[in-house]
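# Breakdown of the fold
So you can see what is in the structure, the chains are spelled out below.
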Amino acid sequence: MYRIGIGQDAHYFEDGRKLYLGGEEFDVGYGLKGHSDGDALLHAITDAILGALAQTDIGTLFPDKSKENKNRNSVDFLNKALEIMYDMDYSIVNLDCNIIADKPNISTIRDRLLESLSKLLGISKSNISIKAKTKEGYNKEDSLEVLCIVLLQKMI
Ligand SMILES: [Zn+2]
């Protein structure tokens, strides 16, 4: 039995912060604004997994008004979704992500992102896709958006 889920997230850029993406840290002079570490890629993946399982969403599990979620490592959010997934006896078949932003240049960091996601999700890099789309002028450079689709399979 299969279940499919979609996740979406967007964060504004903020200068002088570290950039967190896919569980990796990049020192590029800007980061993503947010209550947690702002890792939009992990947030979208977490929501896609929760969505596939019909188990609410990241904002319900980790309210952004809560103090303990401030500057929180987004790997914690992902791990909670994975825990729910394993409890329900599902595993990930594959994952397809679009990162929509004018920076950073995804082709220069794609290998690091794939390596990190492969470790965090416990699946082969060949089952993870990260595609980059630029905004080509609309909405300027003010935010980074992620769309993600995940397919889960019931473990027998
Ligand atoms: Zn987010």
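Relevant structure appears above.
Parameters and conventions
- Residues numbered from 1 in each chain as written.
- Predicted model: local features only at pLDDT ≥ 70, side-chain atom pairs only at ≥ 80, totals over all residues.
- Helix = DSSP H or I, 4+ residues; strand = E, 2+ residues; numbered from the N terminus.
- Expected span 1.5 Å × (residues − 1).
- Buried ≥ 20, exposed ≤ 12 C-beta atoms within 10 Å, placed from the backbone.
- Core = buried A, V, L, I, M, F, W, Y, C linked by C-beta atoms within 7 Å.
- Contact = placed C-beta atoms within 7 Å.
- Pairing = 2+ DSSP bridges.
- Axes fitted to C-alpha atoms, helices over the stretch in contact; angles between N-to-C directions.

### A look at helix α1 (residues 40-52)
For α1, spanning 13 residues, the distance from its first C-alpha to its last is 18 Å, which sits close to the expected 18 Å at 1.5 Å a residue. Within α1, 13 of the 13 residues are buried, which leaves it mostly tucked inside the rest of the structure. Phi for A54, located one or two positions after α1, is positive at around 55 degrees.

### Re the nonpolar core
Residues L41, A44, I45, I49, C97, C148 and V150 are the most contacted members of the largest nonpolar core, which totals 35 residues. Looking at this core, the elements with two or more residues in it are β2 (19-21), α1, α3 (74-87), β5 (90-100), α4 (106-121), β6 (128-133) and β7 (143-154). Counting residues per element, this core draws most heavily on α1, which supplies nine residues. Other than its neighbours up to four places away in sequence, A44 contacts G7, Q8, D9, C97, V146, L147 and C148.

### Topic: the environment of A40
Position of A40 relative to the elements: it lies in helix α1. In this structure, the C-alpha to C-alpha distance between A40 and K70, residues 30 residues apart in sequence, is 15 Å. Not counting residues within four places of it along the chain, the set of residues in contact with A40 comprises D9, A10, H11, L32, L144 and V146.

### What about α3?
Taking 1.5 Å of rise per residue, 14 residues should cover 20 Å, and α3 covers 20 Å from first to last C-alpha, within 8% of that figure. Buried-residue contacts for α3 involve β2, α1, α2 (58-61), β5, α4 and β7. Note on α3: the residue one or two positions beyond its end, D89, has a positive phi of about 65 degrees.

### Concerning the sheet that holds β7
Read from one edge to the other, the open sheet built from five strands follows the order β4-β1-β7-β5-β6, with strand pairing classed as mixed. Only two strands of the sheet have a single neighbouring strand rather than two, namely β4 (30-32) and β6. Strand-to-strand twist of the sheet, defined as the mean angle between neighbouring strand axes without regard to direction, takes the value 25 degrees. Where β5 lies against β7, 10 bridges are found, and the strand directions are antiparallel. Bridging across to β7, Y90 finds its partner in K154. Most of the contacts of α1 go to strand β1 (residues 2-15), to which it runs at about 155 degrees, and overall it touches β1, β4, β5 and β7. Contacts from α4 reach β5 and β6 within the one sheet, and its direction differs from that of β6 by about 150 degrees.

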